[in-house]
Amino acid sequence: MTETATLPATERQRRAELVQQLRAAFVGCQFLFETEDTVAYECDGLAAYRQLPLGVALPETEAQVQHILRVCTELKVPVVPRGAGTCLSGGALPIEDGIVLSLAKFKHIVELNPLGRTATVQPGVRNLAISEAAAPYGLYYAPDPSSQIACTIGGNVAENSGGVHCLKYGLTVNNILKVRAVTMDGEIVEFGSLAPDAPGLDLLGVFIGSEGMFAVVTEVVVKLVPKPQCAQVIMASFDDVVRGGEAVAAIIAAGIIPAGLEMMDGPATRAVEEFVHAGYDLSAAAILLCEADGTLEEVAEEIARTIAVLEASGATRIQVSQSEAERLMFWSGRKNAFPAAGRLSPDYYCMDGTIPRRHIGTLLGRIAEMERQYALRCINVFHAGDGNMHPLILFNGNDADEWHRAELFGADILETCVELGGTITGEHGVGVEKINSMCVQFSPEERDAFFAVKHAFDPFGLLNNDKAIPTRARCAEYGKLHVHHGQLPHPDLPRF
Amino acid sequence: MIDMLDSFRATVERATRDQTPLQIVGSGSKHWYGEAPQGELLDTRGHAGIVAYDPAELVITARCGTPLADIEATLAEQGQMLAFEPPHFGPAATLGGCVAAGLSGPRRQAAGALRDFILGVQLLDGQGRVLNFGGQVMKNVAGYDVARLLPGSLGTLGLILEVSLKVLPKPFAEATLRFELSEAEALTRLNQWGGQPLPISASTWQDGVLYLRLSGAEAAVAGACGKLGGERIADADCAVLWQGLREQTAPFFAGRAESAPLWRLALPSTAQPVALPGAQLIEWGGGQRWWRSDAPAEQIRALAERLGGHATLWRGGDRSVGVFAPLAAPLMQIQRRLKATFDPAGVFNPGRLYPAL
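The notes below deal with the structure included here.

### Remarks on the overall build of chain A
In step 1: Scanning chain A from N- to C-terminus turns up 17 helices and 18 strands.
In step 2: The C-alpha radius of gyration computed for chain A amounts to 23 Å, which stays within 12% of the reference 23 Å derived for 496 residues, consistent with globular compactness.
In step 3: Considering only C-alpha atoms, chain A reaches an extent of 70 × 65 × 40 Å along its principal axes.
In step 4: Out of the 496 residues in chain A, the part that is buried amounts to 60%.

### Points about the sheet that holds strand 7 (residues 130-134) of chain B
As a general point, the strands of a sheet are linked pairwise by backbone hydrogen bonds and lie either parallel or antiparallel.
Residue and element names in this part refer to chain B.
In step 1: The five strands are arranged 3-4-8-6-7 in an open sheet whose pairing can be described as antiparallel. With one partner strand each, in any of the chains shown, strand 3 (50-54) and strand 7 form the two edges of the open sheet. Averaged over all neighbouring strand pairs, the angle between strand axes comes to 10°, with direction disregarded.
In step 2: Taken together, the four bridges between strand 3 and strand 4 (residues 59-63) define a ladder with antiparallel strand orientation. Its bridge partner lying in strand 4, Tyr53 is registered against Ile60.

### With respect to the interface of chain B and chain A
In step 1: The partner chain A presents 87 residues to the 68 residues of chain B that form the contact.
In step 2: For the chain B face of the interface with chain A, the top three residues by lost area are Lys139, Val141 and Tyr144 of chain B, together amounting to 16%.
In step 3: Connecting chain B to chain A are six salt bridges.
In step 4: Put simply, Glu57 of chain B and Arg358 of chain A hold a salt bridge, and the shortest N to O gap is 3.4 Å.
In step 5: At the junction of chain B and chain A, the tally comes to 23 residue pairs in polar contact (both at pLDDT 80 or more).
In step 6: If you list the elements that add at least two residues to the side of chain B that touches chain A, you get helix 5 (114-117), strand 7, strand 9 (168-169), helix 6 (183-194), helix 7 (218-228), strand 14 (262-266) and helix 11 (329-342) of chain B.
In step 7: Looking at which element gives the most residues to the side of chain B that touches chain A, the answer is helix 11 of chain B, with eight residues.
In step 8: A breakdown of the residues in the side of chain B that touches chain A according to their chemical character gives 35 nonpolar, 20 polar and 13 charged.

### Re the packing of helix 10 (residues 296-312) of chain A against helix 7 of chain B
In step 1: Two elements in contact, helix 10 of chain A and helix 7 of chain B, have axes whose closest approach is 7 Å; the angle formed by their N-to-C orientations is 165°. Here helix 10 of chain A lies roughly antiparallel to helix 7 of chain B, going by the angle between them. Both helix 10 of chain A and helix 7 of chain B take part in a crossing whose hand is right-handed. Contacts from Glu297, Glu298 and Glu301 of chain A of helix 10 of chain A reach helix 7 of chain B at Glu218, Ala219 and Ala220 of chain B.
In step 2: For the contact of helix 10 of chain A with helix 7 of chain B, a count of residues per class yields two nonpolar, no polar and four charged.

### As for unusual backbone geometry
In step 1: Not every positive phi belongs to a glycine, and Glu211 of chain A is a case in point at roughly 55°.
In step 2: For Glu211 of chain A, the location among the structural elements is in the loop between helix 7 (203-207) and strand 10 (216-223).
In step 3: On the basis of relative accessibility, which here comes to 4%, the residue Glu211 of chain A falls in the buried class.
In step 4: The phi dihedral of Leu154 of chain B is positive, around 50°, even though this residue is not glycine.
In step 5: Inspection of the secondary structure assignment puts Leu154 of chain B in the loop between strand 7 and strand 8 (159-166).

### A closer look at the side chain of Arg129 of chain B
In step 1: Following the sequence through the fold, Arg129 of chain B ends up in the loop between strand 6 (118-124) and strand 7.
In step 2: At 2.8 Å, the side chain of Arg129 of chain B forms a polar contact with the side chain of Asp125 of chain B.
In step 3: Setting aside its immediate chain neighbours within four residues, Arg129 of chain B contacts Glu445 and Asp448 of chain A together with Leu123, Leu124 and Thr341 of chain B.

### Examining the state of the cysteines
Residue and element names in this part refer to chain A.
In step 1: Per the counting criterion, the structure on display carries one disulfide over all chains.
In step 2: Across the disulfide from Cys439 sits Cys475; the S-S distance is 2.1 Å. Taking the torsion about the S-S bond as the criterion, the Cys439 to Cys475 disulfide, at about -85°, is left-handed. Placement of the pair is Cys439 in helix 15 (residues 438-441) and Cys475 in helix 17 (residues 472-480), with a sequence separation of 36 residues. With respect to burial, Cys439 and Cys475 carry one shared label: buried.
In step 3: Note on Cys72: no disulfide assigned, nearest cysteine sulfur contributed by Cys29 at a separation of 10 Å.

### Some words on the pattern of salt bridges
Residue and element names in this part refer to chain A.
In step 1: Enumeration over the complete set of coordinates arrives at 41 salt bridges over all chains.
In step 2: A salt bridge links Asp239 to Arg243; the nearest nitrogen and oxygen atoms lie 2.7 Å apart.
In step 3: The class for Asp239 is partly exposed, based on a relative accessible area of 48%.
In step 4: One salt-bridge network, in which partners are shared between bridges, spans Glu11, Arg14, Arg15 and Asp97.

Parameters and conventions
- Residues numbered from 1 in each chain as written.
- Chains lettered and ligands numbered in written order.
- Predicted model: local features only at pLDDT ≥ 70, side-chain atom pairs only at ≥ 80, totals over all residues.
- Heavy atoms only, no water.
- Helix = DSSP H or I, 4+ residues; strand = E, 2+ residues; numbered from the N terminus.
- Rg over C-alpha atoms; globule rule 2.2 N^0.38 Å.
- Buried < 20%, exposed > 50% of the residue type's maximum accessible area, 1.4 Å probe, protein only.
- Pairing = 2+ DSSP bridges.
- Axes fitted to C-alpha atoms, helices over the stretch in contact; angles between N-to-C directions.
- Contact = heavy atoms within 4.5 Å.
- Buried area = accessible area lost by both parts, 1.4 Å probe.
- Salt bridge = Lys/Arg side-chain N within 4 Å of Asp/Glu carboxyl O.
- Polar contact = N/O pair within 3.5 Å; in protein donor to acceptor, adjacent residues only side chain to side chain.
- Nonpolar A, V, L, I, M, F, W, Y, C, P; charged D, E, K, R; others polar.
- Parallel < 35°, antiparallel > 145°, perpendicular 65-115°, else oblique.
- Left-handed = near helix turned anticlockwise from the far one by under 90°.
- Disulfide = S-S within 2.5 Å.

Pasting the structure below:
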């Protein structure tokens, strides 16, 4: 946990002068610089990391964004773009000597084209607002991160956000046609096109998920897809987590691509049941939620096929939603897993690794061992269909040692994901949170290549720096403290 | 499996040292695509084989020299497929060439393009470094998504050693419907249908006839056939039709080799009917429009741009006008910096995409 250190007088003076220069340059554009105003921007969804910025600019036009970036380039002031600030990895954490560029005022839906099935929106438009605007035409925007009620499309582009329906409908990168953005030198660039592709290298593909480090998004064209006529969900119980994992593999091997395929372990099920009272099977070691969507006939066919697979996979109980209300009730527990975790413990730390599906059981076994090792509880919910795990480590943030152990526990889980052939982040991004774990997943040469790619878009090195990609020096430092295969740095010291 | 890495690395390091261009080639099935290839041949075919494939993971990992046909046969044994339906353009087409060309077939309008199925890539760069980007899992946002830069890069960024692709189950049922419709009517219908939950997986229009392919659950295909009307054509004819479009062996593409140049116009699906001298074939719900036309390149390019898309000089014609539509200056600058990152000496397929790359 970081806090702004008390600065020496000369340093305070220098910062005050810089703020004055920025205020003068940003005339006509809202610029917050008093601590009481900027404090609201000191962190994002990863509240354990905080940093006050020099100031916060809230432009309303693309021309203002261009101007702000030109001024910052000239004065060598780092810039952190920000949408709704729901990022869970510290992607919008301010930089001490930099400003935050909030796109909160870019909240207009510029055009909705029902025939062409596209929506042109400003980056501050909320994810869910797009689907709401498209609903009268029977269309929606498919990626649905769990923060969709609050998170903005600009942030989704930065993080390549996922959600519950990725297996069938894809990630942000599969649902964005075009991005308009401003580079640090104030140039307007357009990646992608309204046609099926654009000439040259696929810059749109590498731009999405670049964590706000390449350019500042000012407009996004998203793809809209027809809303399925109906959806039905199967809730299946398993008396063994590994068997549940095998059922997931069996469903997919049977040629079924469910609209959603989610799993909760026993402790998570008990936690959410206490919270939502949805009638979950409390005796189950794992609960699987499997959703089919499409036309009535399609759904009936897929549900029948899926039930046959689940029965053959040893499910101990199978329920199928018989109404929309029941479908939402079956989902309510999974969707409320995070607040339910919040009731179990003062704080929880949400992880986001992805592994090949066949290793789900192995990873859960390893996490159970780690619970003993770090003396912290962990409950598991995950997007089983794409192997994206969200272990929630329960801890008390007022106890510095518990937070420290939670961080080590988290890093240990992520490194296990890499060891099992997976990745340290499936959809939350690296940000500042998982930057050390990047040292484990990528070689020094690969990290050098990432820096060079960043340089191709931002040669000035001023946009959201020091996130996502660790320097060689940082990895060398991390290597010295490295927690490997559950070995704490000083295993002989008592920890609790 | 023979590992060619050491030999590749020696070739690349020598080329970088001597600043001599290399022409990366698989079977050569797409040698005609893009700007003219140049440089010493670097044959990828020795580096072949499927590295990993577990149907339940929906991922296949294979080396660059693996024949595309082998990959498709392996997937078909498990009832799976490459959903972007890549064109082979030759019996021995390789996976590396498929990814470097970045082309997708008839199913692209419904399932997505090749770039949507790339999960990970192993690349040998100009300094002889082996770099891994992405991975073998569906959801992965660790590091920049560099793997997605490779489809369509035409080998200009490095030698693709290995690729991981997402695969999908083959549909349980398929049917093709035939409609007699004018171009304007066909485009309107295609866009209207695109907004409805219908299992349309491919479409093509030519000379007043629209063909529509439906793929999905049996009930969904049967239901859509009933709803859409049209005339259902025999299964054997369907296979010939869509295969002929994918491989461009259909008469429109194959029969007029010595005639007017072939242009590919990628447009928003709602773009109005294009008026050019010559013959037209439409695919991808209106998004891909092929023209055999003698119209001047500037006219075709300006028209495509005005409609919100771009035009590629696919086959034939005067190649001096540039095969691919010119890029805006800031985009070209970024692409040149990316090229310099992975290939500082400019040895990989120089000029194949743009003279400056």
